[in-house]
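Letter by letter, the chains look like this.
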Amino acid sequence: MVFFRHISRYTGVSMDYSRISHLTFDCYGTLIDWEAGILAGIAPVLVRHGALVDEARILSSYARREAEIESGVYLPYREVLRRVMAGIASELGFTPSEAELNILPESVGTWPPFPDTVEALGRLKSRYKLVILSNIDDGMFAESQKLLAVPFDIVITAQQVGSYKPNRRNFTFALERMGVVTERVLHVAQSLYHDHVPAKALGFSTVWINRPSRLPNTRIAPPARVTPDIEMPDLQSLAAAMGL
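This write-up is about the structure you can find in this document. (Residues numbered from 1 in each chain as written. Predicted model: local features only at pLDDT ≥ 70, side-chain atom pairs only at ≥ 80, totals over all residues. Heavy atoms only, no water.)

## Brief notes about the pattern of salt bridges
So, point 1. Taken as a whole, this structure holds 15 salt bridges when the rule is applied.
So, point 2. In this structure, glutamate 55 engages arginine 214 in a salt bridge whose closest nitrogen and oxygen atoms are separated by 2.9 Å. Of this pair, glutamate 55 sits in helix α2 (residues 55–70) while arginine 214 is found in the loop between β7 (205–209) and β8 (230–232), placing the two residues 159 residues apart along the sequence.
So, point 3. A residue is classified by how much of its surface remains accessible, and glutamate 55, at 41% relative accessible area, is partly exposed.
So, point 4. Of the residues examined, arginine 214 reaches a relative accessible area of 34% and is grouped as partly exposed.
So, point 5. Where arginine 83 meets glutamate 79, a salt bridge forms, and the shortest distance between an N and an O atom there is 2.9 Å. (Salt bridge = Lys/Arg side-chain N within 4 Å of Asp/Glu carboxyl O. Helix = DSSP H or I, 4+ residues; strand = E, 2+ residues; numbered from the N terminus. Buried < 20%, exposed > 50% of the residue type's maximum accessible area, 1.4 Å probe, protein only.)

## Some points on the side chain of arginine 219
So, point 1. By secondary structure assignment, the location of arginine 219 is in the loop between β7 and β8.
So, point 2. As a buried residue without a salt bridge, arginine 219 has its nearest oppositely charged side chain in glutamate 35, at a separation of 6.3 Å.
So, point 3. Within the structure, arginine 219 has its side chain in polar contact with the backbone oxygen of arginine 211 (distance 3.5 Å).
So, point 4. If sequence neighbours within four positions are ignored, arginine 219 has contacts with Gln190, Trp208, Asn210, Arg211 and Ser213. (Lys, Arg positive; Asp, Glu negative; His and termini not counted. Polar contact = N/O pair within 3.5 Å; in protein donor to acceptor, adjacent residues only side chain to side chain. Contact = heavy atoms within 4.5 Å.)

Next up, the structure:
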């Protein structure tokens, strides 16, 4: 077997990818460009109500409201998005129609993959089991799967677990489904708050896919303090580092 190593920019410790059998992925923000998708979904509503504000303010409001709702009693992601839209509307001073409340959940299946995602997933699948671990409902992810093209070996959603990341239960549920120990898993994600904090607390190795963002300090998430093992600018760079 060929051993591929990458030196972490954080610790200087090399990672031996040969011990990895499963790659777990956050989806939205890591594989799917949800900033572009969210803004495309919300923009027509804001234009209709004359509530024109900058993109960073919209995404910041989205991040704050989504995290707050997801930290409470479990609700289907469709309802989470409806409440996020209602909160943004209230903040901007208008009352959305029923159709406007549904515009975000109905748009999820159109949110585009990042340009490097599909090719990189195909390369990674040639060697590893690919697993989705996402804050989403089964039906919504099924629509995104059509755009991602590459089939995943296991799909784990918040709907299946009954909670949302950063709840550690989502990660322990994933380990049980995969039937492997943490040392065999590499978690790949953009969100420090949703993914890296709980994953590192449970002993996972993690790769931070540090994609450009309109909210460069936190992305669409509350602030978080955590040290991922490795940082990569995109998924294609990870595939290359792993010798694929």
